[in-house]
Amino acid sequence: AVAAVHRHPRPALEQWAHLRVLEPIGRGSFGEVFRAWDPRLDREVALKLLPAQGEDDASSFISEGRLLARVRHHNVATIYGADQIDNWIGLWMEFIRGRTLEQVLQDGSFSAAETVRIGIEICDAVAAVHRAGLLHRDIKAHNVMLSDDKRVVLMDFGSGRELEDGSDSDRSGTPLYQAPEVIAGEPATIQSDVYSVGILLFHLLSRSYPVHAASRAELRLVHETGERLALQTCAPGVPAPLARVIQRAIDTLPERRYVDTDAMARDLTALQRRSWIRRTRFALVAAAAL
C-alpha cells in the first residue's frame, strides 16, 4: 500500500467526487482520511481514500462500504457512499469529533465504571453488526471512537466479512486481539468477535494484553502453551465481578465464551446496575447520618 501511494501520488485535494475536501485528519498504512463537506447531505463527512492497485482492491474497498451500509446503529459509524475515481477509491461516512480509545489511553487507563459503560455500548454495536449478517474481525482500541459527547462508535470494517462466508481465516485483523482459533487458521465466528471485545476491555483497564508475542508464529505458540496474564495481575484494582466477565469473553475455548455480545452486555449491565444500587445506598446512609 505504501508503494502504491508513491506510484500514484495523490494531488493536492480540494474536491473529490461531489465532496469538498476541507483538511486531512489521519493517515495510515492503507490510505488517508479527510474532513470533507457533502453538499447533497449538507453536512461534514469523513472521507477515506485508498490508492487502487487493481480491480480487486477497488471491489474490496467498495464492499466495505456496502457492508457498513447494512448496519444502522447509534454506536456504529454511518456510511454514506463509496466510489472510485481514477487511481483512488473513496469511502465517505459520518464525521465524528473525538478521539479513538487508543488515543484516550495515552492519558491513562480507564476506570472500571468507564470500561463497563464502554463495554455495553461496544457489545450493542457488535450485536448490530452480527444481526446484519456480518463479522467485524478487527475490533480494537484504534477502531473505536469516543466522541466529544461521549458516544462510543465502532469504526472501520476493512476486515469485515459476511457470517455465512465460512472460508478459512486470513491474516486480516490485529493479532493481539484475535482469538486463538483464528490465529491457528480457523474461520472467524461470532465467538471470535466476542474474544476481541474482551481483549479491548482488558486493554482499556490495564493498557496491556493477556498475551504478548513478536510475531504471529510466536503468538500461536503462546496460545498453544496457555501462557497468559490474568487481568487482576495487570490491573490489581479491577473488581472481581468485572474481571470474571472479561475472563469469560477471552476464554481460549470458543464454547466457553459468551454465546454472543448480547449475552455479554447483559452481564455488564447487571454490574452497572449493582454499582448504581451501591452508590444509592451509600448516599441514603450518608443523608441519614446528617
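Residues numbered from 1 in each chain as written. Predicted model: local features only at pLDDT ≥ 70, side-chain atom pairs only at ≥ 80, totals over all residues. Heavy atoms only, no water.

What about helix 7 (residues 216–225)?
Spelled out, the test is: Think of it in three bands: with a 1.4 Å probe and only protein chains considered, a residue is buried below 20% of the maximum accessible area for its type, exposed above 50%, and partly exposed in between. Helix numbering and strand numbering both begin at the N terminus, where a helix is a DSSP run of H or I of at least 4 residues and a strand a DSSP run of E of at least 2. By arc we mean the arc of the directions from the helix axis to the C-beta atoms, nothing more. Contact definition: two residues touch when any of their heavy atoms are within 4.5 Å.
Every buried residue belonging to helix 7 is among R216, L219, V222 and H223, and all of these are buried. Down the axis of helix 7, the buried side of the element spans an arc of 115 degrees, and every buried residue falls inside it. Away from its buried face by more than 90 degrees, helix 7 exposes A217 and E224. Residues of helix 7 that are buried in the fold lie against helix 5 (180–183) and helix 6 (190–206).

Some points on the sheet that holds strand 9 (residues 144–147)
Put simply, the rule is: Should DSSP find at least two bridges between two strands, the strands are taken to pair. Axis lines are fitted through C-alpha atoms, for helices just across the contact stretch, and the angle between N-to-C directions can take any value from 0 to 180 degrees.
Spatially, three strands are ordered 7-9-10 in an open sheet, and the strand pairing comes out antiparallel. Looking at strand neighbours, the two that pair on one side only are strand 7 (98–100) and strand 10 (152–154), the edges of this open sheet. For this sheet the average axis-to-axis angle between neighbouring strands, irrespective of direction, equals 25 degrees. Sheet analysis places strand 7 next to strand 9, joined by three bridges and oriented antiparallel. Across the sheet, residue R99 finds its bridge partner in strand 9, namely L146. Sitting on the sheet, helix 4 (residues 112–131) is in contact with strand 9 and strand 10, with an inclination near 35 degrees to strand 10.

Quick notes on the nonpolar core
Grouped burial of nonpolar side chains is what soluble globular proteins tend to show. To be explicit about the condition: Among buried residues, the Ala, Val, Leu, Ile, Met, Phe, Trp, Tyr and Cys ones that are joined through side-chain atoms within 4.5 Å form a nonpolar core.
In this structure, L101, L200, M264 and L268 are the most contacted members of the largest nonpolar core, which totals 70 residues. Beyond its immediate stretch of four places on either side in the chain, L101 contacts F110, I118, A141, V144, L146, L200 and L204. Core analysis: the second largest hydrophobic core is formed by 11 residues, L13, V21, F34 and W92 among them.

Focus on the environment of D148
Inspection of the secondary structure assignment puts D148 in the loop between strand 9 and strand 10. Accessibility expressed as a relative area gives 59% for D148, which makes it exposed. On a C-alpha basis, the gap between D148 and I96 in space is 8.2 Å, while along the polypeptide they are 52 residues apart. Beyond its immediate chain neighbours, meaning those up to four positions away, D148 contacts R97 and G98.

Comments concerning the packing of helix 6 against helix 9 (residues 240–249)
Heads up, the condition is: Throughout this description, any angle smaller than 35 degrees is read as roughly parallel, any larger than 145 degrees as roughly antiparallel, any in the 65 to 115 degree range as roughly perpendicular, and the remainder as oblique. Each crossing gets its handedness from the near helix: less than a right angle anticlockwise from the far helix is left-handed, clockwise is right-handed. Only Asp, Glu, Lys and Arg are considered charged, only Ala, Val, Leu, Ile, Met, Phe, Trp, Tyr, Cys and Pro nonpolar, and every remaining residue, Gly among them, polar.
For the pair helix 6 and helix 9, interaxial distance at closest approach is 7 Å and the crossing angle is 140 degrees. Here helix 6 is positioned oblique relative to helix 9, judged by the angle of their axes. Along this stretch, helix 6 crosses helix 9, giving a crossing that reads as left-handed. Residues V194, Y195, G198, L201, F202 and L205 of helix 6 form the contact with helix 9, whose own contacting residues are L242, I246 and A249. Across the contact of helix 6 with helix 9, the residue classes tally to eight nonpolar, one polar and no charged.

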